[in-house]
Amino acid sequence: MILRTKNGYDFFECSSAMQKAIRRADVRAAGFFALELWSSGYRDYVWKRLFTISAEDCYGLITHEVESLWQGHELVNKGAKEPKGRIFVSKAVLLLCDCRKCRDADHLQNFIYDRQDVDVERWIEDVRLHPLPVPEYSFDIHTRKGKRMGRTKEEFFREELEALRPRVPGLFDDLV
């Protein structure tokens, strides 16, 4: 059995088209396929997929914005006899299309956990070594080993500030 949308699209092709269009900032196609799925009764699926896209394909904290839009969608549907709130899906699609894209989160989880399926020898060979040693920078005033090493709060503040990448200047940087 093939799942179909109300206009006869294969469910999985429609879903793939929505995500691939968002990756390419193709608002017209992304919006069409998102609303095709939504209006075909796959509302919960659309939101799950939009959340996944926000983590897999988008840079920054856009997932929080998608969550806020989902909450609005749920609010307008509370007690509704007919589905409402497609405007929230449209807004989420627009935001996801417009934001900067980065696949690092998806790449990282695949490189770590699906490494038999992905050749990452040149990129992450050290992570394939088991067990992975705990990096020295982990031992600070907050760990038993760091305390035994005599690490101080002052060192913690200075070293962790210097380690921030990328770094946005903070209000108290000059005090460290």
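Attention in this report is confined to the structure presented alongside it.

Scoring rules and cut-offs
- Residues numbered from 1 in each chain as written.
- Predicted model: local features only at pLDDT ≥ 70, side-chain atom pairs only at ≥ 80, totals over all residues.
- Heavy atoms only, no water.
- Core = buried A, V, L, I, M, F, W, Y, C linked by side-chain atoms within 4.5 Å.
- Buried < 20%, exposed > 50% of the residue type's maximum accessible area, 1.4 Å probe, protein only.
- Helix = DSSP H or I, 4+ residues; strand = E, 2+ residues; numbered from the N terminus.
- Contact = heavy atoms within 4.5 Å.
- Salt bridge = Lys/Arg side-chain N within 4 Å of Asp/Glu carboxyl O.
- Lys, Arg positive; Asp, Glu negative; His and termini not counted.

**Observations regarding the nonpolar core**
Here is step 1 of the chain: Judged by nonpolar contacts, the single largest core of 25 residues is most densely connected at Met18, Ile22, Leu50, Val89 and Leu96.
Here is step 2 of the chain: Secondary-structure elements contributing two or more residues to this core are helix 1 (11-23), helix 2 (27-39), helix 3 (43-56), helix 4 (62-77) and helix 5 (86-98).
Here is step 3 of the chain: Examining the composition of this core, we find that 6 residues originate from one element, helix 2, more than from any other.
Here is step 4 of the chain: Once residues within four sequence positions are removed from consideration, Leu50 is found in contact with Met18, Ile22, Val66, Val89, Ala92, Val93 and Leu96.

**What about the pattern of salt bridges?**
Here is step 1 of the chain: All chains considered together, the criterion is met by 7 salt bridges.
Here is step 2 of the chain: Two residues, Arg151 and Glu159, come together in a salt bridge whose shortest N-O distance is 2.5 Å.
Here is step 3 of the chain: With a relative accessible area of 17%, Arg151 lands in the buried category.
Here is step 4 of the chain: Under the relative-accessibility criterion, Glu159 is labelled partly exposed at 33%.

**A closer look at the side chain of Glu36**
Here is step 1 of the chain: Looking at the element boundaries, Glu36 is found in helix 2.
Here is step 2 of the chain: This buried residue, Glu36, is left without a salt bridge; Lys6 holds the nearest opposite charge, at 5.5 Å.

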